[in-house]
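An overview of the molecular structure
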Amino acid sequence: NQDLNIEIAEEIAMNFNYILTINDDEQTKPTETKQEKDILKERWEKIYSEKKDKFKDRAPVVTVMGHVDHGKTTLLDHIRKTQVADKEAGGITQSIGAYQTVYNGKKITFIDTPGHEAFTEMRARGAQSTDIVILIVAADDGVMPQTIEAYNHAKDAGVPIIVAINKVDKPNANVELTKQQLVAKLNLIPEDWGGDAITVPISAKSGMGVDDLLEMVLLVSEMQEIKCYPKGNARAIIIESKLDKFLGPVATVIVKDGILKNGDFFVAGSTFGKVRRLIDSNGKTIKQAGPSTPVQILGFDEVPSMHSILYAVNTLDEAREISSIAKEKEESKSKQKKHVKLEDFMNMMKENQKKILNIILKAGTYGEIEALKNSISKLKNSDIDIEIVHAGIGAITTSDVMLASASNAVILGFRVKADSKTLKMADKEEIQIKRYDIIFNLIDELKKALQGMLEPEE
Ligand code: GDP
């Protein structure tokens, strides 16, 4: 029975996941009832913008990317084996899609389905799962096409990158040459060459240098100030989901904020449920999971869509209601066009802002890429910029489509094809793929698009 000052009232509200609004205008009309799903989102966005000082550090979430056979799996296995958080567990460690390790008393979470496709797919769905990317490059093979692709995916997401130069135990490993390629092909200048790219020589097989790598992860993580809101209802990203023969629908999440507890009600996209069991990456049943902890959840009513965001809520009714609204929204959203096309690029851009056209460029050879980049750079002017999100050689792939979806880009292929799976995905994601055989045609269409003069297709 006492007046509370605003600070304390806010603190209490936050503990229950409510945002305090201070209403000092008597004439203020009651706020419109918003759709519940938006309220959840806004709740967190508000916490982010207003409560930064209440945030705590959380463990960094790391994804390992790189060209096939450069050692992603070997590195992840090595770290898991040597640095497990809970050595007691031993025995059967089942993969739930991510695990947590402890190095120098600090936790690090690794997503152990390596690769940039899943990473970018999450981003395309609006979920940034990763805080730090380890880009692995084998020193006996150097910078390869998927190294470039992975790098561009990470760069576009704005995630800090640590380069692990792997396989240095091999007699034909050439660290110097690999560094030269980092400079030439990725414009990444190693720190010891006067640049700011962090490179760490390692052998994922023997474990040499892996400690240095983990130290770098922690250092970068400190500089990044990776924060969370540590209390209240959890918010988590679904990184894997499936229908298990015995367990029913299961999903692995990485908790972003708050504490996910056994018995919590939750909403994830258009599905909902109640946490019946939480299983950690050592296969142990746990009662609760805090920020950056990967955990498998049982208790969904159906398999949730991968990469959606899970929110814990207070009651089952709330969960049900929000999920049915989300379902409706998802359906109406899937009918909306959302990505840029060359033909309507100019219309989509707002007045008086710098217009940026994002493109992904694929061609048959490096020579062609260089020639195209050169011609494209001449089309830019003070009002219009063309951002080449990724340029690579080889066919147009599903991973290009995901990147285009995440970065709102058009895909331009020069003398390369896309297979039917890629075309299907592009259709679903509403990504425009344009193919050309003559440089002049590609440049001419781009030029017209930038003038808003390209006629619609068909
Ligand atoms: P991924 O495709 O990137 O996951 O690559 P893998 O981890 O499967 O590694 C591909 C091959 O390279 C395997 O035969 C590994 O044993 C080998 N390999 C990975 N790291 C090293 C290393 O540091 N040194 C040596 N000599 N071989 C390695």
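Fair warning: this is a prediction, and the values are worked out from it, not measured in the lab.

Some words on the site of the ligand
Near the ligand you find 15 residues, and of these Asp 69, Lys 72, Thr 73, Thr 74 and Asp 169 are the closest. Between the ligand and Lys 167 there is a distance of 3.0 Å, counted from an oxygen atom to a side-chain nitrogen or oxygen. Side-chain polar atom of Asp 169 to a nitrogen atom of the ligand: 2.7 Å apart, as the coordinates give it. Look at the ligand: alone it shows 580 Å² of surface, and the protein chains cover 75% of it. When residues of the shell around the ligand are assigned to their parent elements, the largest contribution, three residues, is made by helix H3 (residues 72-83). In the shell around the ligand, the residues fall into two nonpolar, seven polar and six charged.

Overview of the pattern of salt bridges
The final tally for this structure, using the stated rule, is 14 salt bridges. A salt bridge links Asp 385 to Lys 380; the nearest nitrogen and oxygen atoms lie 3.7 Å apart. With relative accessibility at 39%, the residue Lys 380 sits in the partly exposed group. Counted as one network, the salt bridges with shared partners bring together Glu 343, Lys 434 and Glu 445.

A closer look at the nonpolar core
Counting 24 residues, the largest nonpolar core has Leu 75, Ile 108, Phe 110, Ile 134, Ile 162, Ile 202 and Leu 213 as the members making the most contacts within it. Mapped onto this core, the elements with two or more residues apiece are strand E2 (61-66), H3, strand E3 (98-103), strand E4 (106-111), strand E5 (132-138), strand E6 (161-166), strand E7 (198-201) and helix H7 (210-224). The element that contributes the greatest number of residues to this core is H7, accounting for six residues. Ile 162 has contacts with Ile 132, Val 133, Ile 134, Leu 135, Ile 198, Val 200, Leu 213, Met 216, Val 217 and Val 220, leaving out every residue within four places of it along the chain.

Rules used throughout
Each residue is numbered by its place in its chain's sequence as written, counting from 1. The predicted origin of the model limits local features to residues at a pLDDT of at least 70 and limits the giving and counting of side-chain atom pairs to 80 or more, whereas totals for whole chains, interfaces and linings rest on all residues. With hydrogens and water set aside, each side-chain value is computed from the structure's full complement of heavy atoms. Throughout this document, a residue counts as near a molecule or strand when at least one of its heavy atoms sits within 4 Å of that molecule or strand. Nitrogen and oxygen atoms within 3.5 Å of one another constitute a polar contact, given that in protein one can donate a hydrogen and the other can accept it, and given that sequence-neighbouring residues count only through two side-chain atoms. The accessible surface values rely on the Shrake-Rupley method and a 1.4 Å probe; as for residues, cover is taken only from the protein chains in view. Only runs of H or I of at least four residues qualify as helices and only runs of E of at least two qualify as strands under DSSP, and these elements are numbered from the N terminus. The nonpolar class holds Ala, Val, Leu, Ile, Met, Phe, Trp, Tyr, Cys and Pro. Asp, Glu, Lys and Arg form the charged class, and all remaining residues, Gly among them, are polar. Counted as salt bridges are all cases of a side-chain nitrogen of Lys or Arg within 4 Å of a carboxyl oxygen of Asp or Glu. Partly exposed residues are those whose accessible area sits between 20% and 50% of the maximum for their type, while under 20% is buried and over 50% is exposed, using a 1.4 Å probe and protein chains only. What makes a nonpolar core is a set of buried Ala, Val, Leu, Ile, Met, Phe, Trp, Tyr and Cys residues whose side-chain atoms join them at distances within 4.5 Å. Should any heavy atoms of two residues lie within 4.5 Å, those residues are counted as being in contact.

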